Amino acid sequence: MSTQKLPDHLHAQTRAVRVASERSQYGEHSEALFLTSGYVQPSAEASARRFAGDEEGFTYGRYGNPTVASFEQRLAAMEGAPACISTASGMSAILMMCMGLLKSGDHVICSHSMFGSTIKLIGTDLAKFGVRSTFVPQTDAAAWQAAIEPATKLLFAETPTNPLTEVCDIRALADIAHNAGALLAVDNCFATPALQRPMALGADIVTHSGTKYLDGQGRVMAGALCASEKLVTESFLPVLKSAGMTLAPFNAWVVLKGLETLDIRMQAQSARALTLAQWLQAHPAVAAVHYPGLPSHPQHLLAMAQQSNCGGAVLSFEVKATGDELARQRAFHLLDSLQTLSRCTNLGDTKTLLAHPASTSHGRLTPAQRSLAGVSQGLIRVAVGLEHLFDIQADLERGLTSF
Ligand SMILES: *Cc1c(COP(=O)(O)O)cnc(C)c1O
């Protein structure tokens, strides 16, 4: 293998295409995909040193793979993180983080508006193992502060959130966490390192679902944690080794190549999202639009400062209707009238995806949890893709004008 020595101070866009371009003896220009579960050891002594962690070198597919390592190096470089460890999905990255950092009796603070499965994992599944949690309003830093207990080990935030795009102040939460001797983790799924680098704002850990924008074309599942070398090797790698939520090499290769176009995709998709949000806001059939790029968004200024002056590519809106039943009926009607865009509970694709959060991503929540998360029956999330804006608008207009 040979590694190109790159200059130290490259721009983010350059790092996204140039970092971790190791080449085998064949000199392939595109990064190789290594499909192997085992590795032949140079000697029994070397094998022993590698298994003991005293020497670099791959030993077994669950512990590591060159293609997976390339993805981790590139994502770390893009997040400005010292290290990265990847997993089979975004949720398994969050599970790995929790298993690595928390034990029975420890306490976690999250917002009510976290990703639905994150609320389930932390509030219900981890509770079975004695991990306690408090859920607070996303944008209320005083509430995060008030929830601190002596046993608080982790504050976990997501910004902007799904589906209401609420934005929290990463630097303020980092200060609250650090004053309490706790760590701050930020789920950077929606903004991605193209728009927002939480570690530069004081976060200790960045969690990712690579399934979303990092892949960018809806092909594979992947997840990752970016953090210090110490957290990765001492807290997270041991969980990977014993629990085995390993990222498949093929998926790592797909996401590694996806990172190369992340910046231009985020710019192009966010530009469409902004125009679409403005158009929806002026539409008579729409009651409210949630998008950080709109001046009417409650955290607009914070979002612009924290997210490279960009609102991102996800927005949500509420159809106008009186009562939950009619709102749900209209939202379903809109989704069923689509001819070009997709009814699909994913995001971060080049194809525009629409979802009804109350019956899908947030369907497993109790009505009380759903209402705390602000997910109403008339709410529709749009993850804006790369279609022509006029075609996106025309497909929505058909449903919106026929209630
Ligand atoms: C999708 C998503 C996850 C979970 O990722 P998977 O790859 O689906 O496991 C976590 N957080 C956010 C914000 C997401 O959108």
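Residues numbered from 1 in each chain as written. Predicted model: local features only at pLDDT ≥ 70, side-chain atom pairs only at ≥ 80, totals over all residues. Heavy atoms only, no water.

What to know about the UniProt feature "modified residue: N6-(pyridoxal phosphate)lysine" (unreviewed entry) in the chain
- Under the UniProt annotation, "modified residue: N6-(pyridoxal phosphate)lysine" (unreviewed entry) lies at Lys212.
- The residue Lys212 is located in the loop between strand S6 (205–209) and strand S7 (223–227) in this model.
- In contact with Lys212, not counting residues within four places along its chain, are Phe115, Cys189, Asn346, Leu347 and Gly348. (UniProt positions renumbered as here; feature names shortened; annotations may be inferred. Helix = DSSP H or I, 4+ residues; strand = E, 2+ residues; numbered from the N terminus. Contact = heavy atoms within 4.5 Å.)

Remarks on the sheet that holds strand S5 (residues 183–187)
- Spatially, S1-S7-S6-S5-S4-S2-S3 is the arrangement adopted by the 7 strands of the open sheet, whose pairing is mixed. The sheet is open, and its two edges are formed by strand S1 (83–87) and strand S3 (132–136), each paired on a single side. Sheet twist, expressed as the average angle between the axes of neighbouring strands with direction ignored, equals 20 degrees.
- Pairing of S1 with S7 involves 5 bridges; the strand directions are antiparallel. Looking at the pairing, Cys84 lines up with Cys226 of S7.
- Sitting on the sheet, helix H4 (residues 90–101) touches S1, strand S4 (152–158), S5, S6 and S7, and the angle it makes with S6 is about 150 degrees.
- Along the sheet, helix H5 (residues 116–125) makes contact with strand S2 (107–111), S3 and S4, crossing S3 at roughly 140 degrees. (Pairing = 2+ DSSP bridges. Axes fitted to C-alpha atoms, helices over the stretch in contact; angles between N-to-C directions.)

Brief notes about the environment of Ser376
- Positionally, Ser376 belongs in the loop between helix H14 (367–372) and strand S12 (379–383).
- A relative accessible area of 25% means that Ser376 is categorised as partly exposed.
- Expressed as a C-alpha distance, the spacing of Ser376 and Leu256, which sit 120 residues apart in the sequence, is 36 Å.
- Ignoring sequence-local partners within four residues, the contact set of Ser376 consists of Glu318 and Ala358. (Buried < 20%, exposed > 50% of the residue type's maximum accessible area, 1.4 Å probe, protein only.)

Describing the packing of H4 against H5
- Where H4 meets H5, the closest approach of the two axes is 11 Å, and the angle between their N-to-C directions is 30 degrees. On the basis of their axis angle, the class for H4 and H5 is roughly parallel. Pair H4 / H5 crosses with right-handed handedness. Along the contact surface, H4 presents Met91, Ile94, Leu95 and Cys98, while H5 presents Ser117, Thr118, Leu121 and Ile122.
- Looking at the contact of H4 with H5 residue by residue, the class counts come to 6 nonpolar, 2 polar and no charged. (Parallel < 35°, antiparallel > 145°, perpendicular 65-115°, else oblique. Left-handed = near helix turned anticlockwise from the far one by under 90°. Nonpolar A, V, L, I, M, F, W, Y, C, P; charged D, E, K, R; others polar.)

With respect to the nonpolar core
- In terms of nonpolar packing, the biggest core is built from 35 residues, with Phe71, Leu75, Tyr213, Leu214, Cys226 and Leu262 touching the most fellow members.
- Listing elements by their share of this core, those giving two or more residues are helix H3 (66–79), helix H8 (192–195), S7, helix H10 (249–259) and helix H11 (262–281).
- Leaving out residues up to four positions away in the same chain, Leu214 has contacts with Phe71, Leu75, Pro193, His208, Ser209, Val255, Gly258, Leu259, Leu262 and Arg265.
- Core analysis: the next-biggest nonpolar cluster, separate from the first, contains 30 residues, Ala93, Cys98, Leu102 and Leu126 among them. (Core = buried A, V, L, I, M, F, W, Y, C linked by side-chain atoms within 4.5 Å.)

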